[in-house]
Amino acid sequence: MTLYTSTVITPQRRSRVWSKIGENTAYALGLPVLLVVIWGIWATLAPAQFFPSPTELVEAFIDTWIGPAFFTDVLPSLGRLAIGIVLSVLIGIVAGTLIGLNRWLRELLEPMLEFFRAVPPPVLLPIAVVLMGPTDAMKIVVIVIGSLWPVLLNTIEGVRSTDSVMTETARSFAVTSMERLRFLVLPAASPRIMAGVRQSLSIALILMVISELGYSSSGLGFQIVYFQRNYLIAEMWSGIVLLGLVGVLLAAIFTLVERRVLRWYHGIKEVERA
Amino acid sequence: MPDTLLTVQSLKKVYEASTGVVEAVGDISFEMKRGELVCIVGPSGCGKTTLLKCIAGLLRPTAGTIDLNGNRVTSPPPNMALVFQEYGRSLFPWLTVRGNVELPLRHKTLSRAERDRLVDDALVAVGLDHAHKSYPWQLSGGMQQRVAIARAVAYQPEVLIMDEPFAAVDAQTRADLEDLVRALHLDRGMSILFVTHDIDESVYLGERVVVLSKSPTWVQEDLAIDLSAERDQITTRALPRFTELRTHVYEQIQRAKRGEAVRPSA
């Protein structure tokens, strides 16, 4: 019941905001910088065939990925990843809302959804290839089939658990069903939905790589395997670093969107903690 | 226009639980005139909320009828507004104060300017015009309940139904909010049906107090409150007549609790 406090949040002053950002950046970059330094010293003292030094890695990174490879391998991979994520989120939210709002549909589908969710999506890859060929569409379908579930199941749960008093309020004020969806059901479910999206992002990245491993002739995943098989160790590592950077970028974009969408939610949490 | 606004006739509500049948409301009948402020008071667990939800069209009665303005209530009627006890759960935390007050007006065919005017007017009426950009969770409990009242006022209902609205706020805030309800009733002529378990509150606010029996519920007494329309927390509550009335209602509630009151045979 701590929700009902009289705290009024005033925006922080600008100078404090900037010093806070500086402090956060220092914390975020401190450990990586330290590790790179240790790794650099280690690699100079004891060179190893499978572990290039940071400078070699940076060179390999620039030579491999900055140039035509960016357009033939990286961009297409990222494009498929983006389309896959957008489709998973859209399908997950639309289908999840429908299923969450209709009890009979939910009871009909739920056991089946649990079953499909439990199937590891990579095993569907060979089937997808047979059915669709090694096309972009196939890779996107593999990404969507794997990363759909967290969004879908979280949306169902979120929509179903809409507060009963809020629902009664909307009913008593004769709020139309479209408005109810927009102003009540979806916002109420949004914390759950965003939690699902967060899980989906990492699954989508994994599946982007996997979908390119065996049945492809371009793409980030394909290139990494190609380098591995040809003992281009520094290049292989540079690909792995690039994947990591893509993951960080995804997380950063997600955080930005999440802060906007769930501003109220974090606000309540802050008030409750205070 | 008919003088009678709300008619509740032989209302009965039976819940079918897994443990058996529970008769929450036995047989309730009363009327409410246009522009009246009626308080409903009864012992705890007497089915006040059930009665309210039936009147609001949120629950379907097992038997009996409810007419608002001559129209049978079977679903939430468009000319009725509700204020719930749980303000924290009835305001939408993702909308600002203004957004919350405005939401029920969206489906009414109003011009933008007209809608803004109604929202501003309602926020001024509850004394929250300075906080329209805040979010409900940034406000105190009493202020949140004011937002809920503003939302109901902006909706321009023919009847405002309040379900123990001040049960969860502190005593000082409660006194302020009681005066706000009196002011809305006097200045705007709003018809208000106010459910409470607080005997003093029912006598202070109401022009009539309907005393309910314990469950299965029927109307034990329908008491006219003959205090002047201008009421004041200090002077009104100090009047001998106020004390008489509250003692009378108190005794009725005690009788209701003990089950001494005998239901007149229909």
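Residue positions are given per chain, counting from 1 as you read along its sequence in written order. Chain letters start at A and ligand numbers start at 1, both assigned in the order the entries are written. The predicted origin of the model limits local features to residues at a pLDDT of at least 70 and limits the giving and counting of side-chain atom pairs to 80 or more, whereas totals for whole chains, interfaces and linings rest on all residues.

Visitor: Tell me about the overall build of chain B, and please be specific about residues and values.
Guide: Of regular secondary structure, chain B possesses 9 helices and 10 strands. Compactness check: chain B gives a C-alpha radius of gyration of 19 Å against a globular reference of 18 Å for 266 residues, within 12% of the reference. Any residue whose C-beta has 12 or fewer other C-beta atoms within 10 Å is treated as exposed, any with 20 or more as buried, and any in between as partly exposed, C-beta atoms being built from the backbone. Relative to its full complement of 266 residues, chain B shows a buried share of 47%. When contacts within chain B are restricted to residue pairs at least 6 apart in sequence, those whose partners lie at least 24 apart make up 70%. Here a strand is any run of E in DSSP of at least two residues, a helix any run of H or I of at least four, and the numbering for each starts at the N terminus. It is over C-alpha atoms that the radius of gyration is taken, and the globule rule equals 2.2 Å times the number of residues to the power 0.38. By the criterion used throughout, residues are in contact when their C-beta atoms, derived from the backbone, lie within 7 Å.

Visitor: Provide a residue-level description of helix α4 (residues 103-118) of chain A, including the pertinent values.
Guide: Since one α-helical turn is 3.6 residues long, residues separated by three or four positions face the same way. Residue and element names in this part refer to chain A. For α4, which comprises 16 residues, the first-to-last C-alpha distance of 23 Å matches the rise-based estimate of 22 Å (1.5 Å per residue) to within 8%. Most pronounced at Leu109, the bend in α4 amounts to some 40°, and the proline Pro111 follows within four residues. With respect to burial, α4 is a largely exposed element, only 0 of its 16 residues being buried. Take the residue count of a helix, subtract one, and multiply by 1.5 Å to get its expected span. Two axes are fitted around each residue, one to the seven residues ending there and one to the seven starting there, and the angle between them is reported as the bend at that residue.

Visitor: Requested: an account of the packing of helix α5 (residues 125-132) of chain A against helix α6 (residues 136-160) of chain A, with residues and values cited.
Guide: Residues and elements named next belong to chain A. Note on method: axes are straight lines fitted to C-alpha atoms, helices fitted across the in-contact stretch only, with angles between N-to-C directions ranging 0 to 180 degrees. The geometry of α5 relative to α6 is characterised by a closest axis approach of 9 Å and an angle of 145° between their N-to-C directions. Seen from above, α5 lies across α6 with right-handed handedness. Contacts between α5 and α6 involve Leu125, Ala128, Val129 and Met132 from the first element and Ala137, Met138, Val141 and Val142 from the second. By residue class, the composition of the contact of α5 with α6 is 8 nonpolar, no polar and no charged. Here a crossing is called left-handed whenever its near helix is offset anticlockwise from the far helix by less than a right angle, and right-handed whenever the offset is clockwise. Side-chain classes are defined by residue name, with Ala, Val, Leu, Ile, Met, Phe, Trp, Tyr, Cys and Pro counting as nonpolar, Asp, Glu, Lys and Arg as charged, and the others, Gly among them, as polar.

Visitor: Lay out the sheet that holds strand β7 (residues 159-163) of chain B in plain terms, naming residues and giving numbers.
Guide: Backbone hydrogen bonds hold the strands of a sheet together, and the pairing may be parallel or antiparallel. All names here are of chain B. On the basis of which strands lie adjacent, the open sheet formed by 10 strands has the order β5-β4-β1-β2-β10-β9-β3-β8-β7-β6 and mixed pairing. For this open sheet the edge positions go to β5 (71-72) and β6 (80-83), each flanked by a neighbour on one side alone. When DSSP finds at least two bridges between two strands, those strands are taken to pair. As defined by bridge partners, strand β3 (residues 37-41) adjoins strand β8 (residues 191-196) across 5 bridges and the pair is classed as parallel. Opposite Ile40, over in β8, you have Val195 as the bridge partner. Seen against the sheet, helix α5 (residues 141-154) touches β6 and β7 and runs at an angle of roughly 180° to β6.

Visitor: An account of the pairing of strand β10 (residues 217-224) of chain B is needed here, citing residue identities and associated values.
Guide: All names here are of chain B. As judged from the 2 bridges shared by strand β2 (residues 20-33) and β10, these two strands associate in the parallel manner. Following the sheet pairing, Asp27 is matched in β10 by Trp218. Pairing geometry for strand β9 (residues 208-212) and β10, over 5 bridges, is antiparallel. Its bridge partner being in β10, Val211 is matched across the sheet by Glu221. Count of turn residues in the β9/β10 antiparallel hairpin: 4 residues.

Visitor: How would you summarise the nonpolar core if you had to cite specific residues and measurements?
Guide: For our purposes the nonpolar core covers buried Ala, Val, Leu, Ile, Met, Phe, Trp, Tyr and Cys residues that link as a set through C-beta atoms within 7 Å. Ile55(B), Ala150(B), Ala152(B), Ile161(B) and Phe194(B) are the most contacted members of the largest nonpolar core, which has 126 residues in total. Sort the elements by how many residues they give to this core and helix α8 (residues 177-213) of chain A lands first, with 13 residues. Beyond its immediate chain neighbours, meaning those up to four positions away, Ala150(B) contacts Val101(B), Ala122(B), Leu123(B), Ala125(B), Val126(B) and Leu128(B).

Visitor: Outline the environment of Ala234(A), supporting the account with residue identities and numerical values.
Guide: Residue and element names in this part refer to chain A. Structurally, Ala234 is set in helix α10 (residues 233-261). Residue classification places Ala234 among the buried positions, given that 20 C-beta atoms sit within 10 Å. Separated by 175 residues in the primary sequence, Ala234 and Glu59 place their C-alpha atoms 8.8 Å from one another. Not counting residues up to four positions away in its chain, the partners in contact with Ala234 are Pro52, Glu56, Leu57 and Ala60.

Visitor: Let's hear about the pairing of β6(B): which residues, and what values?
Guide: All names here are of chain B. The alternating pattern of β6 places Met80 and Leu82 on one face and Ala81 and Val83 on the opposite face, and all of these are buried. As paired strands, β6 and β7 are joined by 4 bridges and run parallel to one another. Bridge pairing links Leu82 to Ile161 in β7.

Visitor: Could you give an account of the interface of chain B and chain A, naming the residues involved and the relevant values?
Guide: At the junction of the two partners, chain B supplies 27 residues and chain A supplies 26 residues. Elements with a contribution of two residues or more to the side of chain B that touches chain A: β6, α2 (87-90) and α5 of chain B. Broken down by class, the residue content of the side of chain B that touches chain A amounts to 16 nonpolar, 8 polar and 3 charged.

Visitor: Requested: an account of the confidence of the model for chain B, with residues and values cited.
Guide: All names here are of chain B. pLDDT is a residue-level measure of predictor confidence that goes from 0 to 100. Looking at chain B, the pLDDT average stands at 89 and 98% of residues meet or exceed 70. Element-level pLDDT for chain B is lowest in α2, with a mean of 87, against a maximum mean of 94 in helix α3 (residues 97-102). In the model output, the complex is listed with pTM 0.84 alongside ipTM 0.85.

Visitor: Outline unusual backbone geometry, supporting the account with residue identities and numerical values.
Guide: Not every positive phi belongs to a glycine, and Ala174(A) is a case in point at roughly 50°. Mapped onto the fold, Ala174(A) is located in the loop between α7 (164-172) and α8. A residue is classified by how many C-beta atoms lie within 10 Å of it, and Ala174(A), with 18 of them, is partly exposed. Although it is not a glycine, Asn69(B) adopts a positive phi angle of roughly 60°. For Asn69(B), the position within the fold is in the loop between β4 (63-68) and β5.

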